[in-house]
Amino acid sequence: MRSRLARFLLVDKVDYLQWIGTAAAFFFVTILVVAFLPGSLVLETPAMLLPSRRASAGGVRSRTHPLLPPDLDNGEGLAFEPTRLRERWARERREEAESLAELGRPVKRAGARKPRLALVFANLAPGAMQLQMVSVASVLEAMGYEMKVFSFEDGPCTNIWRTIGIPVEILPVDTKLLTSVDWLDYDGMLVNSIEARPVFSSLLQEPFKSIPVIWTVQESSLTHCVSDYNSSGRIQTLGGWKEVFSRANVIVFPNYILPVMYAALDSGNYFVVPGSPAVAIQPDRFIANSYDQDVRIGLSLGPRDFVIAVVGSQFSYGGFLMEEAFVLQAVRPLLQQYRSENSTQTGLKVRILTGNVTDKHRMALEAISLNVGFPRGAVEHVAVEDSDNLLGISNLVIYGSCLDEQSFPSVLVQAMILEKLVIAPDLGMITKYIDDGINGLLFPRKNIAMLTQVILQAVSNGELSVLGKKVASVGKARAKDLMASEAIEGYAVLLENVLKFPAEAITPLTSGEIPLALKQEWKWHLFEDVKHLYHMNESLTDCKILQKIEWHTNRKDDPRSSTQKIDEAFSAIAWNEERLNGIMDAKMKLEEEELKERSDQPHGTWEEVYRNVKRVDRMKNELHERDENELERTGQPLCIYEPFFGEGTWPFLHQGSLYRGIGLSSKGRRPGADDIDASSRLPLLNNGYYRDILGEFGAFFALANRIDRIHKNSWIGFQSWRMTARKVNLSKNAESAILEAIQTQKHGDAFYFWVRMDQDPRNHGNQNFWSLCDAINAGNCRLAVSEAFQRMYGLQLDEDLNSLPHMPNDGDTWAVMQSWVLPTRSFLEFVMFSRMFIDALDAQMYDKHYQTGHCILSIHRDKHCYSRVLELIVNVWAFHSARRMVYVNPETGAMREQHPLDGRRGRMSIQWFSYATLKSMDEDLAEEYDSDHPERRWLWPHTGEMMWQGLYERERNMRQQEKERRKQQTKDKIQRIKKRARQKTIGRYIKPDDAGRLNDTGTVD
């Protein structure tokens, strides 16, 4: 590939003197490089790689894809490509299409509600982040999304969000309450700013780990702290940041330099959405402050100097010094329009903006400028930190880099906002936004000699020409909303690829369907009243901005550190008192043992000892100290259980005696709480597949399995923790009303519920029972239930599904979200029905769902599959088993019977849901398993107890045989005692008489 110099020399039209001057400058620069900067043009390959992308520069043959390959010296660009993300999205789409085709049945989207998004901010102070997200949210709302804003701090932007119709909720700062939002209510989350990290304390816990998260990071403050963490040994802090960065599905950056800076935290999920109003907001601060004179003094400039700012790429590469020399050569003819350096009049000054300024660079630049013809001090480097000041006082801005990047340089946007004339090469990413002669001036990058002609057109008589001023004015008008369209459309594309909407959600518009008028500009008019309060979220190199965040998250970084936290809390107890109590207990135990040894011990038979030992073994698990709630619960007629999975649900669980938690996994249980471990009572729940797919029914089956050992109340109830999050859980009045109705037997064997189907967010159109079931199950609820009943009862139902159990649409409502109360005996009957129904569903869907993750009840891959059918099936059982269905207002406790029994006559299928029928079917299944021992995969035996008459008889016979065996052992023992051989008497002692005479015979045989 030809170098830029070779391309320049081979152009068709070159002035002879210009050729001589350029050649001389080139050789002089080469000598300087060798003399002063040995190795400066040799690019050092960084060891830091970026897993999210692969370099696509031409001619690169390195297997490791260096961050900046040597080809950059020739003007070739480095392309950031989120290869892993795009490959994963393409693979997911391909696998989903193949899996749905293999199902053999179409899935349908009902479209009953809008897709919901949660927008999370650290604060609501006005700034670039708020302006950008307000603009994006306005377009997303027009596309069909429903959103809600969450923030840890209130601010002036609260009213702006409410103006566009988006509600705002302020999250508590206390780390114990950070999970007070049910994120499962949202189809995805847009987290904004590094400072919003505390929200991940809940997103790293179950059940919120599966929520799609898009995290926008615009600050560079954390990058300055990573090296400090490594050097100071703060590995745990660094690991915490890596954990939250990997938790997000996508990390979004507004430019292509930030992914390189955050390379140490990259896990393959980086994505760039170019464009941000931050650059457009930033110059306002310079315009608002009139300190032009001070800035010029700080940059060694006179009050009337004509200043040319030379800017370039944010990336550092070997060819930048040569590019500076070419630009200076092109600017040299302007020197003729200005007086000498000793004059007090206007002078020409060139300031080159660069990131890494060293003494060698200064020496080389000074030598080059003197050789070109600039007076000493006319050309100097300016550090990036002074870029705002330099652009603010400059008269002309030249983009001197020919590095072909992927996005429009932000420094040019800033210059255009300040109404500076911009001159740039005709690179692809520049010509996309600058029209030559309209809002900027362009020169061909392959003929840098044309740059002189362009400069002479822009500058006339030591000032900007009329053309230059006109072009700068147009550039300012266009730059304010430059790349707004790309940024807004970029977020829409991200949502299309990341979010998977359920069947009841309406499909939003695609990014290609967004009207152009909606995405052309940022929503500046909404910020007119607060623009003087702009908060720029500046990057702090001393990491102060992160200290508060890390303090809030130190105790929540590791979700497995619950035990450690308990130990730390326990260590604060007065150990002296604890030691004294231990000594007293030991003394008392020793005294009791001594007294026991001194007292007479009653000796019983071996049979009594055997029975006592067995009794102790049976009571061993019950010998624990009962807390106050458990003692109160024993005397109550009702206990309401709250199934949960993961630490994320803890804030929504109750602590009173009326409620008791039941964890679906042994992990994530509340320390010190009287919760039930469902997996220990039902080993099936140790299988993650069935724990996810059964949901609350896993808790039902675990409780019903030998229920008399754990539940001793006459009534039993369940309440979903999600209802507590939605503020529709039972109030004190409702609890008292239910307890009073139970004690007075107001409704008899009734089914009480307090979450209505007609008020469910998924039921916007007030659909009937089976229509809603179809809507939330991809249109196949009736089909799945029909096939399940066929498997259960061995019946052939009609193909038109009219023979499904009748669920009338009579103006009353049904129960949803597994929040209800009924008698314990009725609960066991419902579990008996549910076990057979779920077994039929499992036989129908297991093979394809286990292998592919897809089933006919969901449009996308879904680990919960038929859990939404199970949510509603309790209504079918309660209605057709002739239970009274009573709705309880969760706030007031007012009760109203739904679907009265008198109106159900002739519409109930009692013969299929009666206790006798279900018990007979249950016994048949138990007999089959007990007698045949089938080898096929069968779910039903693993969901609870198996009882049938033959098993009762066999157990009775076994008990009888054991009793006979013990009786025979007793008889044998008695016979052995009777037949035991006895030694004959050897003799008898005769006592002498009083006279001391002895009898004649001493012994008697």
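Everything here concerns the structure above.
Residues numbered from 1 in each chain as written. Predicted model: local features only at pLDDT ≥ 70, side-chain atom pairs only at ≥ 80, totals over all residues. Heavy atoms only, no water.

A. Summary view of the overall build of the protein. A count of helices and strands for the protein gives 39 helices and 23 strands. Looking at the 1005 residues of the protein, the share that counts as buried comes to 51%. Partitioning the intrachain contacts of the protein with sequence separation of at least 6 by distance along the chain shows that 73% fall at a separation of at least 24. (Helix = DSSP H or I, 4+ residues; strand = E, 2+ residues; numbered from the N terminus. Buried < 20%, exposed > 50% of the residue type's maximum accessible area, 1.4 Å probe, protein only. Contact = heavy atoms within 4.5 Å.)

B. Up close: the state of the cysteines. By the definition in use, this model includes two disulfides. Disulfide partner of Cys773: Cys781, at an S-S distance of 1.8 Å. Because the torsion about its S-S bond is 70°, the bridge between Cys773 and Cys781 counts as right-handed. Of the residues examined, Cys773 reaches a relative accessible area of 2% and is grouped as buried. Taking relative accessible area as the criterion, Cys781 reaches 0% and is therefore assigned buried. The side chain of Cys855 participates in a disulfide bridge whose partner is Cys865; the two sulfur atoms lie 2.3 Å from each other. On the sign convention where negative means left-handed, the S-S torsion of about 130° between Cys855 and Cys865 marks this disulfide as right-handed. Here Cys865 lies in the loop between helix H34 (824–852) and helix H35 (867–880) and Cys855 lies in the loop between H34 and H35, a separation of 10 residues in the sequence. (Disulfide = S-S within 2.5 Å.)

C. Region of the structure containing the sheet that holds strand E13 (residues 441–443). Sheet architecture is open: six strands sit in the order E10-E9-E8-E11-E12-E13, paired in parallel fashion. The open sheet has two free edges, formed respectively by strand E10 (379–383) and E13, since each of these has just one partner strand. Going from strand to strand, the sheet's axes swing by 25° on average, the running direction of each strand aside. Relative to strand E12 (residues 421–425), strand E11 (residues 396–399) runs parallel, the two being bridged by three bridges. In the strand pairing of E12, Leu396 is matched with Leu421. Helix H13 (residues 320–331) contacts strand E8 (306–311), strand E9 (348–354), E10 and E11 of the sheet and is inclined by roughly 160° relative to E9. (Pairing = 2+ DSSP bridges. Axes fitted to C-alpha atoms, helices over the stretch in contact; angles between N-to-C directions.)

D. Examining the pairing of strand E19 (residues 715–718) more closely. Burial along E19 is two-sided: Trp715 and Gly717 and Ile716 and Phe718, pointing in opposite directions, are all buried. Bridge count for E19 against strand E21 (residues 820–823) is four bridges, and the pairing is antiparallel. Note that in E21 the partner of Phe718 across the bridge is Trp820.

E. Local environment of the nonpolar core. With 105 residues, the main nonpolar core has Trp820, Phe827, Phe833 and Phe837 as its most contacted residues. Membership of the second largest hydrophobic core comes to 82 residues, among which are Ile281, Val295, Ala309 and Phe408. (Core = buried A, V, L, I, M, F, W, Y, C linked by side-chain atoms within 4.5 Å.)

F. Geometry of the side chain of His747. Turning to its location among the elements, His747 is positioned in the loop between helix H31 (732–743) and strand E20 (750–753). Under the relative-accessibility criterion, His747 is labelled buried at 15%. At 2.9 Å, the side chain of His747 and the side chain of Tyr752 are in polar contact. When residues no more than four places from it in sequence are discounted, the contact partners of His747 are Ala741, Tyr752, Arg884, Val886 and Met895. (Polar contact = N/O pair within 3.5 Å; in protein donor to acceptor, adjacent residues only side chain to side chain.)

G. Highlighting helix H16 (residues 410–417). Counting buried positions over the eight residues of H16 gives seven, a clear majority of the element. When we look at burial in H16, the residues that qualify are Val411, Leu412, Val413, Gln414, Ala415, Met416 and Ile417. Following H16 by one or two positions, Glu419 adopts a phi angle in the positive range, close to 60°.

H. Structural view of the pairing of E11. Going residue by residue along E11, you find Leu396 and Ile398 tucked away on one face and Val397 and Tyr399 tucked away on the opposite face as well. Taken together, the four bridges between E8 and E11 define a ladder with parallel strand orientation. Among the inter-strand pairings, Ala309 is bridged to a residue of E11, identified as Val397. After leaving E11, the chain enters H16 and then returns to the sheet as E12, a path that is right-handed. (Right-handed = clockwise from strand over helix to strand, strands pointing away.)

I. Highlighting unusual backbone geometry. Of note, the amide linkage connecting Glu206 to Pro207 takes the cis form, showing an omega dihedral of 5°. With respect to the helices and strands, Pro207 occurs in the loop between helix H6 (200–203) and strand E5 (213–216). The residue Ala778 is not glycine, and still its phi comes out positive at about 55°. Mapped onto the fold, Ala778 is located in the loop between helix H32 (769–775) and helix H33 (781–793). The exposure class assigned to Ala778 is buried, which follows from its relative accessible area of 0%.

J. Main features of the packing of aromatic side chains. Per the counting criterion, the structure on display carries 45 aromatic pairs. On the numbers, 5.9 Å between centres and 90° between planes, the contact of Trp820 with Phe830 is edge-to-face. Here Trp820 is found in strand E21, whereas its partner Phe830 is found in helix H34, with 10 residues between them in sequence. The exposure classification of Trp820 matches that of Phe830, with both residues buried. Above the face of the Trp241 ring, Arg197 is positioned so that its terminal group lies 4.4 Å from the ring centre. Above the face of the Trp938 ring, Arg936 is positioned so that its terminal group lies 4.5 Å from the ring centre. (Phe/Tyr/Trp six-rings, centres within 6.5 Å; stacked < 30°, edge-to-face > 60°. Lys NZ or Arg CZ within 6 Å of the ring centre and 35° of its normal.)

K. Broad picture of the packing of helix H29 (residues 696–704) against H34. At a minimum axis separation of 10 Å, H29 and H34 run at an interaxial angle of 125°. One finds that H29 runs oblique with respect to H34. Of the two possible hands of crossing, H29 and H34 adopt the one that is left-handed. Along its contact with H29, which presents Phe697, Phe700, Phe701 and Ala704, the element H34 presents Phe827, Leu828, Phe830, Val831, Ser834, Arg835 and Ile838. Of the residues belonging to the contact of H29 with H34, the class tally is nine nonpolar, one polar and one charged. (Parallel < 35°, antiparallel > 145°, perpendicular 65-115°, else oblique. Left-handed = near helix turned anticlockwise from the far one by under 90°. Nonpolar A, V, L, I, M, F, W, Y, C, P; charged D, E, K, R; others polar.)

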